[in-house]
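Secondary and tertiary structure notes
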Amino acid sequence: MKTPIPLEVEIKLALPPTGPAALSQHPLLASVPVFQHALTNIYFDTPTNDLAKARIAVRLREIDGNVLHTVKTAGQGSGGLSQRQEWEWQVPGPQLDLTALAKLPPFQGELAQALPSLVPTLRTDFTRRCWQLTSGLSSIAATETDNHIELVLDQGEIISGSYRTPICEIELELKRGEPEALWTLALALAEQVPLRPSDSSKAARGNMLSAQHWPLPDAQTPAQWLHRATLALDAYHDSQQASFLAKAHQAINTLAEHPELDALARTYALALPSALDAQGQPQAAYGSAALALAYRLAY
């Protein structure tokens, strides 16, 4: 098992159907070996969804004949970037390791009582293509830090009861170095790949799909309005409810008029509505503007 309080730092980027082909042709990946795996993932919760309410995910993943046990806490961040605690270890078979779970910090309080009640609640089945980026980052990152980023492309579906929704996304995970390198790589990809930041994990998407309920947070600050717009787009693509696309545009427009934005941030915000097509899919300009805006609001 990973040691105490390991932190996962990543940027998640949703892709339209044309995105994977554009990504595979990006020059940053041209000379980097790609590895492909089929992943089957089962998520667990109690019958009363205690883990989902606490924003904790417990997962068993089968990959290349091995089974990995994973626990993740809620991500902190917006604009695609998240930081969250993660524990992962190999187990001999597809059964929960309740003894190990009980030793982890998320299960030291009231949730300890939930462990015996855990049952499978949803699945995510997808093909993952994986690139390990190290030396090539120095050409795009204005830093001398030794950075290592794992870039993965996931394509498949989330299955929750009788509901299904597609997975088509990039995850950029910082394995070594500074978070600055994640933003730099994401912006470099956005120059040629249509994409948009996503603030919803696969587990959260599956839980909302099962409940057929996609809550949006209230917003006051520019960062909160961007987060609300990002979640509304996530909700639209999983629910296919036009009201969420309307709420995404409403949040973007409110953000663009926010008095706390400086001139450059406002320019990025104003570029967003026209860079989404009628189906809520991003053109290349959307990813560049949204990521630049998210970075500026974060730092």
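Residues numbered from 1 in each chain as written. Predicted model: local features only at pLDDT ≥ 70, side-chain atom pairs only at ≥ 80, totals over all residues. Heavy atoms only, no water.

Right, let's get into the overall build of the protein chain. If you tally the helices and strands in the protein chain, you get 9 helices and 9 strands. For the protein chain, the C-alpha radius of gyration of 19 Å lies close to 19 Å, the compact-globule estimate for 299 residues. Oriented by its inertia axes, the alpha-carbon framework of the protein chain measures out at about 55 × 45 × 30 Å. Residue burial in the protein chain is summarised as follows: out of 299 residues, 52% are buried. Within the protein chain, contacts between residues at least 6 apart in sequence are counted, and of these 67% link residues at least 24 apart. Surface accessibility of the protein chain: about 13700 Å² in total, with carbon and sulfur atoms responsible for 51%. (Helix = DSSP H or I, 4+ residues; strand = E, 2+ residues; numbered from the N terminus. Rg over C-alpha atoms; globule rule 2.2 N^0.38 Å. Buried < 20%, exposed > 50% of the residue type's maximum accessible area, 1.4 Å probe, protein only. Contact = heavy atoms within 4.5 Å. Areas by Shrake-Rupley, 256 points an atom, 1.4 Å probe, with all protein chains shown as cover.)

On to helix 5 (residues 202–211). Among the residues making up helix 5, those that are buried are Lys202, Ala203, Arg205, Gly206, Met208 and Leu209. After helix 5 finishes, the residue Gln212 shows a positive phi value of roughly 55°.

Here the focus is the side chain of Glu171. Here Glu171 is to be found in strand 8 (residues 163–176). Polar contacts involving the side chain of Glu171 include one to the side chain of Lys12, which spans 2.6 Å. One polar contact links Glu171 to Lys202, side chain to side chain, over a distance of 3.0 Å. When neighbours within four sequence positions are excluded, Glu171 is seen to be in contact with Glu10, Ile11, Lys12, Arg128, Glu150, Leu151, Val152, Asp154 and Lys202. (Polar contact = N/O pair within 3.5 Å; in protein donor to acceptor, adjacent residues only side chain to side chain.)

On to the nonpolar core, then. Taken as a class, soluble globular proteins show a tendency for nonpolar side chains to be buried jointly. Ranked by internal contacts, the top residues of the largest apolar core, which has 65 residues, are Leu23, Leu151 and Leu172. With 8 residues, the single largest contributor to this core is helix 6 (residues 222–239). Contact partners of Leu151, with chain neighbours within four places excluded, come to Leu23, Leu29, Arg129, Cys130, Trp131, Leu133, Ile170, Glu171, Leu172 and Leu189. Residues Ile56, Trp89, Leu104 and Ala114 belong to the second largest nonpolar core, which totals 18 residues. (Core = buried A, V, L, I, M, F, W, Y, C linked by side-chain atoms within 4.5 Å.)

Looking now at the confidence of the model for the protein chain. Low pLDDT means the predicted coordinates in that region are not meant to be read closely. Per-residue confidence for the protein chain gives a mean pLDDT of 92; residues scoring 70 or more make up 94%. Considering each helix and strand of the protein chain separately, the mean pLDDT is smallest for strand 5 (residues 81–91), with a value of 90, and largest for helix 7 (residues 242–256), with 98. (pLDDT = per-residue confidence, 0-100.)

Taken as a whole and assessed by the stated rule, the structure comprises 4 aromatic pairs. Summarising the aromatic geometry, the rings of Trp214 and Phe244 are spaced 6.3 Å apart at their centres and angled 70° between planes, so their arrangement reads as edge-to-face. Of the two residues, Trp214 sits in the loop between helix 5 and helix 6 while Phe244 sits in helix 7, which places them 30 residues apart along the sequence. Neither Trp214 nor Phe244 differs from the other in exposure class; each is buried. What links up through ring pairs into an aromatic cluster is the set Trp183, Tyr295 and Tyr299. (Phe/Tyr/Trp six-rings, centres within 6.5 Å; stacked < 30°, edge-to-face > 60°.)

Topologically, Thr73 is positioned in the loop between strand 4 (66–72) and strand 5. Sequence separation between Thr73 and Gln85 is 12 residues, and the spatial gap between their C-alpha atoms is 5.4 Å. Filtering out sequence-adjacent residues up to four positions away, Thr73 remains in contact with Arg55, Arg84, Gln85, Trp87 and Pro106. From its side chain, Thr73 meets the backbone nitrogen of Gln85 in a polar contact 3.0 Å long.

This next bit is on the pattern of salt bridges. Taken as a whole and judged by the stated rule, the model has 21 salt bridges. With its nearest N and O atoms 3.5 Å apart, the salt bridge here joins Arg84 to Glu10. In this pair, Arg84 is assigned in strand 5 and Glu10 in strand 1 (residues 7–14), connecting sequence segments 74 residues apart. Across this residue pair, the class does not change: Arg84 and Glu10 are buried. Glu88 serves as the salt-bridge partner of Arg59, at 3.4 Å between the closest nitrogen and oxygen. A residue pair is termed long-range when its members are at least 10 positions apart, and Arg59 in strand 3 (residues 57–63) and Glu88 in strand 5 qualify at 29 residues. Residue Arg59 is classed as buried on the basis of its relative accessible area of 5%. Because the salt bridges share partners, they merge into one network encompassing Lys12, Arg128, Asp154, Glu169, Glu171, Lys202, Arg205 and Asp238. (Salt bridge = Lys/Arg side-chain N within 4 Å of Asp/Glu carboxyl O.)

One can find Pro273 in the loop between helix 8 (263–271) and helix 9 (284–298). A residue is classified by how much of its surface remains accessible, and Pro273, at 22% relative accessible area, is partly exposed. The spatial distance from the C-alpha of Pro273 to the C-alpha of Arg296 is 18 Å, given a sequence separation of 23 residues.

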